[in-house]
Amino acid sequence: MAASRSNLLTSGIPCAGDPDKMVRSFSLYKRPSRELPSMDGIVATNADQEQANQPVPWHLSLPHICVALIISALFGYHIGVVNIPLPYISRDLGFGENSLAQGFVVSVCLIGAFAGCAISGTVADRLGRRRAFQLCAIPMVLGPILSAKAWNLASMLVGRLLVGCGLGIGAPVLALYVSEVSPTQVRGSFGSFPQTATCIGLLAALIVGLPISSTPDWWRACFWISTLPAALLLLGMEFCAESPRWLFKNSRWYEAEHELERLWGAAHAKAAMSDLVQSEQSDDLEMIAPWKELLDRRYVRAVLLGGGLFALQQFSGINAIFYFSSTVLKSAGVSSDLAATVSVGAVNLVGSFVAAGLMDRLGRRKLMMWSFTGMAVSMAMQAAVAAFGFLKPIRATTTLIGTLFYVFSFASGAGPVPALLLPEIIPIRIRGKAMAFAMCVHWVAHFLVGLLFLPLINATGASVLYTFFSLVCFFAAIFVKRNVVETKGRSLEDLEMLLVAGH
């Protein structure tokens, strides 16, 4: 790779000491070599430079991101698909009195997600982002079909496991893809879109589940419906752009520039190629970094920060609310628990829109701090009304308001920011594997919360469990304040050079 780097730096591609020379493709689909051709005779015109200084047109990359967001919508859908129908599923399949089995139906999906996540970094690095999306779509078609046709607990669990495998591969790849194809000035807003898509999927699952009260067998249709967007992801990715940064890392420079032209426009593609070359000077890139490199002293802090953020996000209790809100609200005395559950999905969606508007204005760090603080306050409020008997007359109202405020706080910061922040602070050399590690932490914590929430709330009561969630949220706000750097308005290449140099 040393020889390749030498050729990169002498090939006429613009870099810090050679601002007037620009990148140009000669042969778009030519088989790439490990060396770039010399381009010494190609000089940017004043018009080119002036156009390159204009904002990148965000509408070019948006359709590609929208197709990729299907994986987030499916993630939300499969979180919520068992929320309302779970009592009917457990009754029909013969485990209605077993709360641990019900929790396992919810959380077995997360075991599959962990397995898929463990290989997602390797898949994304070797096959590229587009093929990784298509690979994850296959079990997300087959799994729901098996769940829809389930005849006992075991068949339901296998179907949910397959779905989880697809989610585990797709979720880290989506975070990579969105950060790598988004223009810098809207990367924060675009980075909030996965959370918005998750909210839409969750709300759709809750709405789709409403007919269950009059049609008990309706839960099978709920699973069938999810096969359609999964098939659309499989087909749609065939027409989407590959990540230019992945292509560049794999020495496919001509294709990288072509994809940048599709995503950002021709003038901006030249400047972006220049940034990629400068980024290569800052690190010793190889085609695929080994797993052990996650422990390199240059990278370990960012890797541990990613795992910590996702662990705190999950142990805050958010997915306990999404999985079991109908059960919790009903036990708190909320008369219309189904309507309240749909309200949870709606508020989640509204919060994600707020995050989209604030991400590039307020910044990632401050948004997460306020988000975790709001979640802590709302959980403390619910713990208080559950603990003190004299507050029982207002328990239903306070629980509903506290739950909605908690969900809104999560969706406006703690939900979307970690998945956006990590690809920003993790160098491209280890980005795929580091995201896989962080998401594995996410899925383990997610699994434990989904599996143990009902048994724990039955054993300890809501006040103890909600107090724990509140303390986690307060600690998370402090953790973010002390450890997270602001990334707003900086290119991925600038961040990589800054963070690796300051390890």
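Residues numbered from 1 in each chain as written. Predicted model: local features only at pLDDT ≥ 70, side-chain atom pairs only at ≥ 80, totals over all residues. Heavy atoms only, no water.

Q: Even after reading the chapter, I still don't get a nonpolar patch on the surface, so can you show me in this structure?
A: Together, L127, L135, I138, L142, V158, L162 and L234 line one region of the surface with nonpolar side chains, adding up to about 540 Å² of accessible area. Of all the elements in the fold, those that place two or more residues in the nonpolar patch are α7 (129-148) and α8 (153-181). Relative to the helices and strands, L234 is located in helix α11 (residues 227-236). Using a relative accessible area of 34% as the deciding quantity, one classes L234 as partly exposed. (Patch = residues over 30% accessible without salt bridge, like charges linked within 9 Å, V, L, I, M, F, W, Y side chains within 5 Å. Areas by Shrake-Rupley, 256 points an atom, 1.4 Å probe, with all protein chains shown as cover. Salt bridge = Lys/Arg side-chain N within 4 Å of Asp/Glu carboxyl O. Helix = DSSP H or I, 4+ residues; strand = E, 2+ residues; numbered from the N terminus. Buried < 20%, exposed > 50% of the residue type's maximum accessible area, 1.4 Å probe, protein only.)

Q: Just to check I follow, could you spell out the environment of Q134 for this structure?
A: Looking at the secondary structure, you find Q134 in helix α7. Through-space distance from the C-alpha of Q134 to that of L234 is 4.7 Å; in sequence the pair is 100 residues apart. For Q134, the contacting residues outside a window of four places in its chain are L234, M237 and E238. A polar contact is formed between the side chain of Q134 and the side chain of E238, at a distance of 2.9 Å. (Contact = heavy atoms within 4.5 Å. Polar contact = N/O pair within 3.5 Å; in protein donor to acceptor, adjacent residues only side chain to side chain.)

Q: In this structure, what is going on with the packing of aromatic side chains? I would like to understand it.
A: The relation between two aromatic rings is expressed through the spacing of the ring centres and the mutual angle of the planes. By the definition in use, this model includes 9 aromatic pairs. Between F133 and Y177, the ring centres sit 5.6 Å apart and the planes meet at 90°, which makes this aromatic pair edge-to-face. One end of the pair, F133, is in helix α7; the other, Y177, is in helix α8, with 44 residues separating them in the sequence. For the pair formed by F133 and Y177, the shared burial category is buried. Ring geometry for W219 versus F223: centroids 6.3 Å apart, planes at 85°, classification edge-to-face. Here W219 and its partner F223 are both found in helix α10 (residues 219-225), 4 residues apart, which amounts to about one turn of the helix. Connected via pairs of aromatic rings, a cluster forms that spans F453, F468 and F469. (Phe/Tyr/Trp six-rings, centres within 6.5 Å; stacked < 30°, edge-to-face > 60°.)

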